[in-house]
Structures are given as C-alpha cells and as structure tokens.
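One letter stands for each residue in the lines below.
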Amino acid sequence: MTNPFHAADDENARHREKTRKHKAARDKIMATKTGEKGLLIVHTGTGKGKTSAALGMVFRHIGHGYPVAVVQFTKSPKWDTGEARVLARFPDLVTLHVMGEGFTWETQDRERDIAAARKGWERAKELIRDDRHRMVLLDELNIVLRYDYLPIDEILAFLRDEKPADKHVVITGRNAHASLIEMADLVTEMTLVKHPFRAGVKAQKGVEF
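If you're wondering where the values come from, they're calculated on a predicted model, not measured in any experiment. (Residues numbered from 1 in each chain as written. Predicted model: local features only at pLDDT ≥ 70, side-chain atom pairs only at ≥ 80, totals over all residues. Heavy atoms only, no water.)

A. View of the pairing of strand β3 (residues 94–98). Of the pairings in the sheet, the one linking strand β2 (residues 68–72) to β3 comprises 5 bridges and is parallel in character. Opposite Val-71, over in β3, you have His-97 as the bridge partner. The parallel pair β2 and β3, bridged by helix α3 (residues 82–87), forms a crossover whose chirality is right-handed. (Pairing = 2+ DSSP bridges. Helix = DSSP H or I, 4+ residues; strand = E, 2+ residues; numbered from the N terminus. Right-handed = clockwise from strand over helix to strand, strands pointing away.)

Shown next as structure tokens:
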C-alpha cells in the first residue's frame, strides 16, 4: 500500500522541479527585455471594457505619481460619469477634457460632430506634445475616425512624426482602423460574448458610466 505522505512528498518534489524549470526559462526570456519606449496602445472590438481597461492604466499612472491627460471624444460634459468624478480628485496629476457632445445619433448634426472632433484632436495634439504628461488617453477616437470626422492619414502622420518617443498614447473605441492597428505597439480586441443590454437591461451607474 502506498504511503500517502510519501506520495504527497513525491508530488511536491515534481511540482518544485517543474516550477523551477519554468522560472529558469521565464527568467531567461525576461533578461532579454530591457528596452523602454512610449507605447501606442489600441483597445478596440465589440466587447465592453475598452475604456475601462484604458482607465486602469491611467489610474496606475496616478498611483505612481505620473501626470496623465484624458481627452474624451464622444462623451458630453453634461454626462455625470464615475471616471470623471474620480479623475477630478487628482487635479495635480490629471488633465481631463470632455470634448464630445454625445453620440452622433443624439446630435443628428454631422457638421457639429466634425467641429467637436476637430476641437478634441487639436487639444489632444497639444497634450501629446506637452512633456508634462507621461500618458495621454484618447477615449473613443476610433469612433470619430470610423465616421470620417477626422482624416486617418492626419492622425497617423502626427503619431508617427510628432509623438514624443517616451510618451504613451492610448486610443479606444470600436472598429479601429487597420492602419492604426498596424502602427500600434499593443492592440487588444475586446470580444462580445454576452451583454445584458440584449436582455433589456439599461446602462447602469458604476458599470457603464
């Protein structure tokens, strides 16, 4: 009859050896990752969480005492969002510009939407050029580009030629342009599996806004 204590010791020994090898391989890989650079990060896809994930990085920056800037392209200043309330508590570290006027089906005015997008982009360029901000979040810029409110070539040229080498820029929104995805250093696509909206549940405080 097998001694259960010996069996447990053997299992622990196998586990230690397996994890030792895994750590050694991991350490070897990590030793080659020594570079740092300002990243172009894109969050896209039909699933929920694009802005939420980007704000997670914003809050990490705040936690480390790094100044950040946020430009929201579709949200309206009239909207009372949870993120705006929290970000307002860090005036020394956060520059927040809510530049939109609501979703395009709410304004029903293409020229007005284009003007708001242009104003938001001009502000975004100022913030990206500004050495003070370590990260700039361009929330829902992909939506603006999808509706051709701003020319994609202009955005790509600026990010390629004028973004400081150490500046992180995060862009969110569905339907990211293929050229933007190609240029980006990090791209995450949120996949919709299930959403309560389809079951008649409206957007709720603390979850969607």
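So that's the structure; there's more coming.
B. Seen up close, unusual backbone geometry. Positive phi is not limited to glycine here, since Glu-140 has a value of about 70°. Summarising the element assignment, Glu-140 is placed in the loop between β4 (135–139) and α6 (141–146). With a phi angle near 60°, Asp-148 is a residue other than glycine that sits in the positive phi range. Mapped onto the elements, Asp-148 comes out in the loop between α6 and α7 (152–161).

C. Quick look at the pairing of strand β1 (residues 40–44). Counting buried residues in β1 gives 5 out of 5 residues, a clear majority hidden from the surface. Burial along β1 is two-sided: Leu-40, Val-42 and Thr-44 facing one way and Ile-41 and His-43 facing the other are all buried. Note that β1 and strand β6 (residues 186–189) share 4 bridges and pair parallel. Bridging across to β6, Val-42 finds its partner in Val-187. (Buried < 20%, exposed > 50% of the residue type's maximum accessible area, 1.4 Å probe, protein only.)

D. Fine view of the packing of helix α5 (residues 110–129) against α7. Orientation of α5 relative to α7, taken along the N-to-C sense of each, is 10°, at an axis distance of 12 Å. What the angle tells us is that α5 and α7 run roughly parallel. Here Arg-118, Trp-121, Glu-122, Lys-125, Ile-128 and Arg-129 of α5 come into contact with α7, specifically with Glu-154, Ile-155, Phe-158 and Leu-159. (Axes fitted to C-alpha atoms, helices over the stretch in contact; angles between N-to-C directions. Parallel < 35°, antiparallel > 145°, perpendicular 65-115°, else oblique. Contact = heavy atoms within 4.5 Å.)

E. Quick look at the environment of Pro-91. Turning to its location among the elements, Pro-91 is positioned in the loop between α3 and β3. The class for Pro-91 is exposed, based on a relative accessible area of 60%. Between the C-alpha atoms of Pro-91 and Val-169, which are 78 residues apart in sequence, the distance is 20 Å.

F. Broad picture of a nonpolar patch on the surface. Taken together, Phe-59, Val-86 and Phe-90 make up a surface patch of nonpolar side chains, about 210 Å² in accessible area. Locating Val-86 in the fold gives a position in helix α3. (Patch = residues over 30% accessible without salt bridge, like charges linked within 9 Å, V, L, I, M, F, W, Y side chains within 5 Å. Areas by Shrake-Rupley, 256 points an atom, 1.4 Å probe, with all protein chains shown as cover. Salt bridge = Lys/Arg side-chain N within 4 Å of Asp/Glu carboxyl O.)

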